[in-house]
Amino acid sequence: ETSVGNGALFVQVVDSQALPVAGANVRIENLNLNPAIIIDDVTDANGMLQIIDAPPDAQEYHIEVSKAGYTSEQTYPPGGMGNPNPTKPDATVVAGGVTQVTFTIDLVSTVNVFSRNNLCSPVGDYDFDLQGGKIIGTMPDVPKYSQSLVTDMAGTLALADMEWDLYAITGRSEEHTSELQSH
């Protein structure tokens, strides 16, 4: 139950197989209210955190989810610089209602990149762009991961703490595009 005029905010955290993630860290902030709301808590065995009796407010509840050894996910303010149309905007709590927001995080992995020529010999100092397929905003599309990188002199680069995704590699020194998938 909630006080008259308040609502509830349920945060669900699952992995890439839609299984609950217990013990995920959840930070909820609403600095628009007086007093401001800042909650740091963890999900239960079912991957849920239930906030009852939350004051109503439209798209002002910013939520961040993380866990050691896992990826992270968050909401974004609508109209924000660099991501004006987020796919997961800051949450709204409605008086007398329940708002549920689901986040997907999973174990991180290491992606090893090897730059080779057509004879499979290493190509050192290879400049490339790496972009993930997941987007956090639309119109224009804003990728969750996008980096300009360079392999070392031996043509290798290890990227730690990478999220499961389908990545596109675009060479900057010559026309070359590849894909790799992280699980």
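Refer to the structure presented above.
This text gives an overview of the structure that appears in the document. (Residues numbered from 1 in each chain as written. Predicted model: local features only at pLDDT ≥ 70, side-chain atom pairs only at ≥ 80, totals over all residues. Heavy atoms only, no water.)

1. Considerations on the overall build of the protein
Which entries qualify depends on this criterion: A run of H or I in DSSP becomes a helix once it reaches four residues, and a run of E becomes a strand once it reaches two; helices and strands are each numbered from the N terminus. Relative accessibility under 20% of the residue-type maximum defines a buried residue, over 50% an exposed one, and the middle range a partly exposed one, all with a 1.4 Å probe and only protein chains included. Whether two residues touch is decided by their heavy atoms; if any such pair falls within 4.5 Å, the residues are in contact. Using the Shrake-Rupley algorithm and a 1.4 Å probe, accessible areas are obtained, with residue cover drawn only from the displayed protein chains. The charge count includes Lys and Arg as positive and Asp and Glu as negative, but it does not include His or the ends of the chains. To locate a charge, take atom NZ for lysine, CZ for arginine, CG for aspartate or CD for glutamate.
The helix and strand inventory of the protein stands at zero helices and 16 strands. By its C-alpha atoms, the protein is 70 × 35 × 25 Å across when sized along the principal axes. Residues classed as buried in the protein amount to 37% of the 183 residues present. Within the protein, residue pairs in contact and separated by at least 24 positions form 62% of the contacts whose partners lie at least 6 positions apart. Surface accessibility of the protein: about 10200 Å² in total, with carbon and sulfur atoms responsible for 52%. The protein carries 7 positive and 24 negative side-chain charges, and their two centres are separated by 5 Å.

2. Let's talk about the pattern of salt bridges
Worth spelling out the cut-off: For this document, the term salt bridge refers to a Lys or Arg side-chain nitrogen within 4 Å of an Asp or Glu carboxyl oxygen.
A complete count under the given rule lists seven salt bridges for this structure. Glu-29 serves as the salt-bridge partner of Arg-27, at 2.7 Å between the closest nitrogen and oxygen. Among the salt bridges present, the one from Glu-73 reaches Lys-88, with a minimum N-O distance of 3.5 Å. Of this pair, Glu-73 sits in strand S6 (residues 73-74) while Lys-88 sits in the loop between S6 and strand S7 (91-93), and the two are 15 residues apart along the sequence. Bridged by salt links that share partners, the residues Arg-27, Glu-29 and Asp-40 form one connected network.

3. Observations regarding the environment of Val-94
Mapping Val-94 onto the fold places it in the loop between S7 and strand S8 (98-104). For the pair Val-94 and Val-150, spaced 56 residues apart in the sequence, the C-alpha separation amounts to 48 Å. In this structure, Val-94 is in contact with Asn-6, Gly-7, Pro-56 and Thr-99, ignoring residues within four places of it in sequence.

4. Details of the side chain of Asn-30
Just so we agree on the cut-off: By the criterion applied in these results, polar contacts are pairs of N or O atoms within 3.5 Å in which, for protein atoms, one can donate a hydrogen and the other can accept it, and in which residues neighboring in sequence qualify only through two side-chain atoms.
With respect to the secondary-structure elements, Asn-30 resides in strand S2 (residues 25-30). Polar contacts involving the side chain of Asn-30 include one to the side chain of Asp-57, which spans 3.1 Å. If we skip the residues at most four places from it in the chain, Asn-30 touches Ala-36, Ile-37, Asp-57, Glu-60 and Tyr-61.

5. Structural notes on unusual backbone geometry
In this chain, Asn-34 is followed by Pro-35 through a cis amide linkage whose omega measures 5 degrees. Here Pro-35 lies in the loop between S2 and strand S3 (37-42). Cis geometry marks the peptide bond from Met-139 to Pro-140; its omega dihedral reads 5 degrees. In this fold, Pro-140 is placed in the loop between strand S11 (135-137) and strand S12 (142-143). The backbone of Gln-59 shows a phi angle near 50 degrees, a positive value even though the residue is not glycine. Looking at the secondary structure, you find Gln-59 in strand S5 (residues 57-66). Residue classification places Gln-59 among the partly exposed residues on the basis of a relative accessible area of 37%. Of note, Met-139 is a non-glycine position whose phi angle comes to about 50 degrees, a positive value. Along the chain, Met-139 turns up in the loop between S11 and S12.

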